[in-house]
Amino acid sequence: MNMATSEILRRSRHLERVESVTADTTVRHVDQLDTETLDAFYSALTADRPVSEADVDLEPGEVIVFTDYYRVARA
């Protein structure tokens, strides 16, 4: 992997579908996302691809509730 590719992966997020969450998990409903983050979230979800952290207001470990739970993780 070249430097540019590894840098992009370090600075991107992907979504992991999870079955359940614990009481101490940070959870946000999809309606709480700003427009840019919502667009990037939906695009990443439908295309099954990571999204640049610069495009979203999502932190690793938090969970977004849409039709299922999706944990935000570093790509």
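Residues numbered from 1 in each chain as written. Predicted model: local features only at pLDDT ≥ 70, side-chain atom pairs only at ≥ 80, totals over all residues. Heavy atoms only, no water.

> Would you take a moment to explain the overall build of the protein for this structure?
Scanning the protein for helices and strands turns up two helices and five strands. Its helices and strands taken in sequence order, the protein reads α-β-β-α-β-β-β from the N to the C terminus. Buried residues in the protein amount to 29% of all 75 residues. Of all intrachain contacts in the protein linking residues separated by at least 6 positions in sequence, the fraction that spans at least 24 positions is 69%. Accessible area of the protein: about 5000 Å², with a carbon and sulfur share of 49%. (Helix = DSSP H or I, 4+ residues; strand = E, 2+ residues; numbered from the N terminus. Buried < 20%, exposed > 50% of the residue type's maximum accessible area, 1.4 Å probe, protein only. Contact = heavy atoms within 4.5 Å. Areas by Shrake-Rupley, 256 points an atom, 1.4 Å probe, with all protein chains shown as cover.)

> Sorry if this is basic, but what is going on with the side chain of Arg 13 here?
Position of Arg 13 relative to the elements: it lies in strand β1 (residues 12–18). For Arg 13, a relative accessible area of 6% gives the class buried. Only 3.5 Å separates the side chain of Arg 13 from the backbone oxygen of Leu 58, close enough to count as a polar contact. (Polar contact = N/O pair within 3.5 Å; in protein donor to acceptor, adjacent residues only side chain to side chain.)

> Would you mind going over the pattern of salt bridges with me for this structure?
Between side chains of opposite charge, pairing is possible as soon as their charged atoms come close. Throughout the structure, instances matching the rule amount to four salt bridges. In this structure, the salt-bridge partner of Glu 19 is Arg 17, at a minimum N-O distance of 2.7 Å. The residue Arg 17 makes a salt bridge to Asp 68 at a minimum N-O spacing of 3.1 Å. Taken together, the positions of Arg 17 in strand β1 and Asp 68 in the loop between β4 (63–65) and β5 (69–74) put the pair 51 residues apart, joining distant regions of the chain. Owing to a relative accessible area of 46%, Arg 17 belongs among the partly exposed residues under this scheme. Several salt bridges share partner residues, and in doing so they unite Arg 17, Glu 19 and Asp 68 into one network. (Salt bridge = Lys/Arg side-chain N within 4 Å of Asp/Glu carboxyl O.)

> Please clarify how the packing of aromatic side chains should be interpreted in this entry.
What characterises a pair of aromatic rings is the spacing of the ring centres plus the angle enclosed by the ring planes. Taken as a whole, this structure holds three aromatic pairs when the rule is applied. On the numbers, 5.9 Å between centres and 85° between planes, the contact of Phe 41 with Phe 66 is edge-to-face. Placement of the pair is Phe 41 in helix α2 (residues 35–47) and Phe 66 in the loop between β4 and β5, with a sequence separation of 25 residues. By relative accessible area, which is 32% here, Phe 66 ends up partly exposed. (Phe/Tyr/Trp six-rings, centres within 6.5 Å; stacked < 30°, edge-to-face > 60°.)

> Teacher, can you tell me more about the environment of Leu 15 here?
Checked against the element boundaries, Leu 15 lands in strand β1. Taking the C-alpha atoms as reference points, Leu 15 and Arg 74, separated by 59 residues in sequence, lie 8.7 Å from one another.

Nothing here speaks to function; it is geometry throughout.
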